[in-house]
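# Results of the structural survey
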Amino acid sequence: MDTPAGDLGALLRAWRDRLSPVDVGLPAGDQRRAAGLRREELAALAGLSVDYVVRLEQGRAQHPSAQVAAALARALQLSDAERDHLFVLAGLVPPSPATVPEHVPPGVQRLIARLGETPLAVFTASWDLLSYSPLWGRLFGEPVGEGGERPNLLRSWFGGTGAITPGERVEHGRDGGLRAFEASLVADLRRVHGRYPGDPRVRCLIDDMTAVSDTFRELWRTGAVGEHVSERKVIRHPVVGDVELDCDVLTVAGTDLRLVAYTAATGSPAAAALDFLRVSAVTADAR
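In this text the structure is predicted, and so the values were computed from the model without any measurement. (Residues numbered from 1 in each chain as written. Predicted model: local features only at pLDDT ≥ 70, side-chain atom pairs only at ≥ 80, totals over all residues. Heavy atoms only, no water.)

## Comments concerning the overall build of the protein chain
Note the threshold: Only runs of H or I of at least four residues qualify as helices and only runs of E of at least two qualify as strands under DSSP, and these elements are numbered from the N terminus. Burial status follows relative accessibility: with a 1.4 Å probe on protein chains alone, a residue under 20% of its type maximum counts as buried, one over 50% as exposed, and anything between as partly exposed. Contacts are residue-level and defined by heavy atoms, with any inter-residue pair within 4.5 Å sufficient. For the accessible areas, the method is Shrake-Rupley and the probe is 1.4 Å, while residue cover comes only from the protein chains on display.
Helix and strand counts for the protein chain come out as 12 helices and six strands. Burial analysis of the protein chain (287 residues in total) assigns 46% to the buried set. Contacts in the protein chain between residues at least 24 apart in sequence constitute 60% of all its contacts with a sequence separation of at least 6. In the structure as shown, the protein chain presents an accessible area of about 14000 Å², 53% of it carried by carbon and sulfur atoms.

## Notes on the pairing of strand E6 (residues 257–263)
Heads up, the condition is: Only strands that DSSP links by at least two bridges are regarded as paired with each other.
Counting buried positions over the seven residues of E6 gives six, a clear majority of the element. Summarising the sheet, strand E1 (residues 120–123) and E6 pair through four bridges and their orientation is antiparallel. Within the sheet, the bridge partner assigned to alanine 121 lies in E6 and is valine 260. Two elements, strand E5 (residues 241–252) and E6, share seven bridges in a ladder whose sense is antiparallel. The residue of E6 that forms the bridge with cysteine 247 is tyrosine 262. Count of turn residues in the E5/E6 antiparallel hairpin: four residues, of which glycine 254 carries a positive phi of about 85°.

## Let's talk about the environment of glutamate 182
Selection rule: The definition of a polar contact used here is a pair of N or O atoms within 3.5 Å, where within protein one atom must be able to donate a hydrogen and the other to accept one, and adjacent residues in sequence count solely through side-chain atom pairs.
Of note, glutamate 182 is situated in helix H9 (residues 177–195). The sequence separation of glutamate 182 and histidine 228 amounts to 46 residues, and the corresponding C-alpha distance is 9.5 Å. Apart from the residues within four sequence positions on either side, glutamate 182 is in contact with Trp157, Phe158, Thr215 and Leu219. Engagement of the side chain of glutamate 182 in a polar contact is seen with the side chain of tryptophan 157, the distance being 2.8 Å.

## Concerning helix H4 (residues 66–75)
Burial of H4 is extensive: eight of the 10 residues sit out of reach of the surface. Where H4 is concerned, the buried positions are Val68, Ala69, Ala70, Ala71, Leu72, Ala73, Arg74 and Ala75. Packing partners of the buried residues in H4 comprise helix H1 (7–18), helix H2 (39–46), helix H3 (50–57), helix H5 (80–89), helix H6 (106–114) and strand E2 (129–132). At the exit of H4 stands glutamine 77, carrying a positive phi of roughly 55°.

## As for the packing of helix H10 (residues 200–212) against helix H11 (residues 214–221)
Put simply, the rule reads: Axis angles are defined between N-to-C directions and span 0 to 180 degrees, where every axis is a line fitted to C-alpha atoms and, for a helix, only to the segment in contact. Oblique is the label for any angle not under 35 degrees, not over 145, and not in the 65 to 115 range, which are roughly parallel, roughly antiparallel and roughly perpendicular in turn. When the near helix sits turned anticlockwise from the far one by under a right angle, the crossing is termed left-handed; a clockwise turn instead gives a right-handed crossing.
Running from N to C, H10 and H11 cross one another at 120°; their axes reach a closest spacing of 5 Å. Looking at the two axes, H10 sits oblique to H11. The interaxial crossing formed by H10 with H11 has left-handed handedness. Residue-level inspection shows Ile206, Met209, Thr210, Ala211 and Val212 of H10 in contact with H11, the latter providing Asp214, Phe216, Arg217 and Trp220.

## Brief notes about unusual backbone geometry
Positive phi outside glycine occurs at glutamine 77, with the angle close to 55°. The residue glutamine 77 is located in the loop between H4 and H5 in this model.

## A word on the pattern of salt bridges
Opposite charge on two side chains permits pairing when their charged atoms draw close. The test is simple: What makes a salt bridge here is a side-chain nitrogen of Lys or Arg within 4 Å of a carboxyl oxygen of Asp or Glu, nothing more.
In the structure shown here, the tally under the stated rule is 20 salt bridges. The closest approach of N and O atoms between arginine 39 and glutamate 57, which form a salt bridge, is 2.7 Å. Of this pair, arginine 39 sits in helix H2 while glutamate 57 sits in helix H3, and the two are 18 residues apart along the sequence. You can call glutamate 57 buried: its relative accessible area is 1%. The partner of aspartate 256 in a salt bridge is arginine 195, with the nearest N and O atoms 2.5 Å apart. Taken together, the positions of aspartate 256 in the loop between E5 and E6 and arginine 195 in helix H9 put the pair 61 residues apart, joining distant regions of the chain.

Next up, the structure:
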């Protein structure tokens, strides 16, 4: 599918110019010549090179992959209609309603940016990690996917990659402890598979975990269907030690996205530990 030269680049520039740095968690600053994002800021948010963003905006690259288009749509905080239009201009088929939604609405992205002092992350319904606050990275370590794939909670836990929540750093305080947590994740995945039976990524996740994890395979065979819910956890952090936090899982209506937040009561030892991590992160960034 061919697109008129320059349409994609012009729109990317227009979308970049309208986005406030504050809405993506960046300081507005006093030295900006324009109110919008810089190219290097968009590149960093989308996980792309600055050179590639320049080539897209100048029309020298007009056919980004679906993964790149989705990353740009999230970074630019596009609406669903704008995201679909971006896909069409790139010569791609917009995401199908039959697959797990991966687009993070602008309001949710602003929420993450403005609640940056909370360990906060956004997951798809099938637990692919889409976005997270800086304090989340300080609490769990910077998550990294395998082979360019997004980190996935079930792959991390049952596949032993440790990409999101390393097992040695998390204890589960809910009734039933670790086993209940694992059963809840698997039952939740079965519910998601029933909702999106044609999604190949969900099917691949099930097949891969069945092949590599005896625990997953045993729990999957039970046929249990459920929803993963909030719980209390103890995070074993290498710097601040054991931190007991409430982990709340919220669903974003209309998208099936999971918003996961870790919080502590004001004045508690856990709150002090989070404050320490927050301050140390700011100090490290300032160096």
